[in-house]
Each structure stands twice: as structure tokens, then as C-alpha cells.
Amino acid sequence: MNNVFVAFLRQSVCPQLKTRRYEKDILYGMALEEEGKRKFILLLKSPTEGGIDQYHKTLESEGYNPVSVPVLKFNFINIDEYSDRLSNYTSYCSIVFTSQQAVKATQEVIQSWKEGKQSELVKSLTCYVVGKATAKTARQLGFSPNGEESGNADNLCDCILLERDESEERTILFPCSNIRKDTIIERLCSKGIPVEELNVYETVHRDDITDEGKPFAVVFFSPSGVQALKKNNLLEILKSSKVGF
């Protein structure tokens, strides 16, 4: 039955996949196994911010009770140093955000600035982002982000290399996580483009996840979900639940 639930997630819940031909048969089979109250499905991911969560929407429309529980948390670090660098924004030509958390760290710094200084910052720096969610957060700070359709850091580098003026000598500022990948640094530096990275937030597993009750199914979106359940002594719930990924 686990395979059936995985097939359900892949065919009907994931917003990237449009095929729904097996959805009714799968849901009917699941309903035969457990009737009665709305089945609680635990989604080990952060809730969608400021928009419709497609996983929740699809599951709720079929009578399920989805609950999203984030398994990671983010702590700002090196904020004083980041503040110094942002204050010296004219030394940089661009800023690269590969996550919403990096944008939020920037907000943490500039929210105390005078409005005029904030405006000068966002006008002076060409902003590059990966993903629509990060682009949306950057726009809220006043940036006009480029590259949101890139999809990943490698494609974003292609965008930066294509747009960068050959006469430009200033550095690209790259605020990032303590577990960031090397793509941005390696790709751009290999082309002779100076990149100044700074860890502005750290990613850690949450140790405060509480028992949400007995779920009908548990859905993992990354290995971090397993690690978080183990850290919080909640692996027992998997024995009586269906598992999807």
C-alpha cells in the first residue's frame, strides 16, 4: 500500500505533474482501508508562505487533513559583519540570493535603515535570485530580481555571465547558508569574476517537534525529515503509518 500512496503523491499532489488518471482509484482503495473521520496526513515540510499550498489543496479536496511541520530552522549569523558589507554597497555590483532566508537576513539588517538608504541600496545592486519564492521575497524589499526562472544555481550563473559587463570590476556579494553548495563560487570565480560570500544564516534540524498524533500517512520531502523524527524520538509513528516521499 505504501507504493500506492507514493503513486498518489506523484500523480496527483505534486504541482509539477499534471496526470491525475489514477487518482480516483487510488483514493477509493485507501478509503476502503480506513473509514470514518478525515485522515490526518503529516507533511514534513515548511508551510507555504503567502500563497496556496498545492499539497494541502489537493489533499483537502479529497477529504484528508494535511498538516505541514517544518523539520529545519534557520538562525541568522554574522549579522554585524553583514551590516558592514551592506553599508558599503557601492563596492559591489550585484547581490545573489539562492534562498528566501538570505533575503530575510538582508531585511534583518536594513529594516533599521532610513528609507532613503534602503532605496539607494536596492537601486545600486543588480539582484539575482533562484526561484519564484525567493524572487517574491526580494521584491518585498524593493529589489527587481533577475533569474527567477533559472531553476538552479548553475543556470543562474549562466544568466549572470550573460548579463555581466566585461568592464565591470566590482565584486558580487553572495549572502548564503552555512551549508551552501559550491556552484556559485566555482562557476563565477572560474571566469575571473570576484565573489564575496558570507554565511548570514545557519540551517539546523529542529529539536522541538511535538507529537501531532497518529497520522494516516507521513510524507518525506528530504532526508532531513527522517533525521528530524529521529532527533525528536518520533520514529515510532512510522510503524503504524503509510509512508510517501
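Residues numbered from 1 in each chain as written. Predicted model: local features only at pLDDT ≥ 70, side-chain atom pairs only at ≥ 80, totals over all residues. Heavy atoms only, no water.

Student: Before we move on, can you summarise the packing of helix α5 (residues 100–110) against helix α7 (residues 132–140) with the specific residues and values?
Tutor: It is at 8 Å that the axes of α5 and α7 come closest, and there the two elements cross at 10°. By the angle class used here, α5 and α7 are roughly parallel. Crossing of α5 against α7: the hand is left-handed. For the pair formed by α5 and α7, the contact residues are Q100, V103 and K104 on the first element and A133, T134, T137 and A138 on the second. The residue inventory of the contact of α5 with α7, partitioned by class, reads three nonpolar, three polar and one charged. (Axes fitted to C-alpha atoms, helices over the stretch in contact; angles between N-to-C directions. Helix = DSSP H or I, 4+ residues; strand = E, 2+ residues; numbered from the N terminus. Parallel < 35°, antiparallel > 145°, perpendicular 65-115°, else oblique. Left-handed = near helix turned anticlockwise from the far one by under 90°. Contact = heavy atoms within 4.5 Å. Nonpolar A, V, L, I, M, F, W, Y, C, P; charged D, E, K, R; others polar.)

Student: Describe the environment of E197, naming the residues involved and giving the relevant values.
Tutor: Structurally, E197 is set in strand β7 (residues 195–205). E197 sits in the partly exposed class, given a relative accessible area of 30%. Taking the C-alpha atoms as reference points, E197 and P175, 22 residues apart in sequence, are found 5.7 Å from one another. A polar side-chain atom of E197 sits 2.7 Å from a polar atom in the side chain of R180. (Buried < 20%, exposed > 50% of the residue type's maximum accessible area, 1.4 Å probe, protein only. Polar contact = N/O pair within 3.5 Å; in protein donor to acceptor, adjacent residues only side chain to side chain.)

Student: Got a sec to walk through the state of the cysteines? Specific residues and values, please.
Tutor: If you walk through the whole model with that rule in mind, you get zero disulfides. Left without a disulfide partner, C159 is nearest to the cysteine sulfur of C157, which lies 9.7 Å away. Judged by relative accessible area, which is 18%, C159 ranks as buried. (Disulfide = S-S within 2.5 Å.)

Student: Describe empty space enclosed by the protein, with residues and values.
Tutor: All chains considered together, the criterion is met by one cavity of 30 Å³ or more. The calculated volume of the largest cavity comes to roughly 60 Å³. Lining of the largest cavity is provided by 13 residues; of these, L42, T210, E212, L234 and I237 occupy positions nearest its centre. A per-class count over the lining of the largest cavity returns nine nonpolar, two polar and two charged. (1 Å grid on protein atoms, 1.4 Å probe; cavity = no way out; pocket = protein on both sides within 12 Å on 5 of 7 lines; lining within 4 Å. Points joined across faces, edges and corners; volume = space filled by probe spheres on them.)

Student: Hey, could you go over the side chain of R85 for me, with residue numbers and the actual values?
Tutor: If you trace the backbone, R85 turns up in helix α4 (residues 79–87). A distance of 3.1 Å separates a polar atom in the side chain of R85 from a polar atom in the side chain of E196. Setting aside chain neighbours within four positions, we find R85 in contact with Y92, L173, E196, E197 and L198.

Student: Could you give me a rundown of the sheet that holds strand β9 (residues 242–244), with the residues and numbers involved?
Tutor: The strand order across the open sheet built from four strands is β2-β1-β8-β9, with neighbouring strands paired in parallel fashion. Looking at which strands have only one partner, the edges of the open sheet turn out to be β2 (65–68) and β9. Between one strand and the next, the sheet's axes are offset by a mean angle of 20°, whatever the strand orientation. In this sheet, strand β8 (residues 217–220) lies alongside strand β1 (residues 40–44) in parallel orientation, the contact comprising four bridges. Following the sheet pairing, I41 is matched in β8 by A217. Sheet strands in contact with helix α3 (residues 54–61) are β1 and β2, and its direction is about 160° off that of β2. (Pairing = 2+ DSSP bridges.)

In short, shape yes, function no, at least from these values alone.
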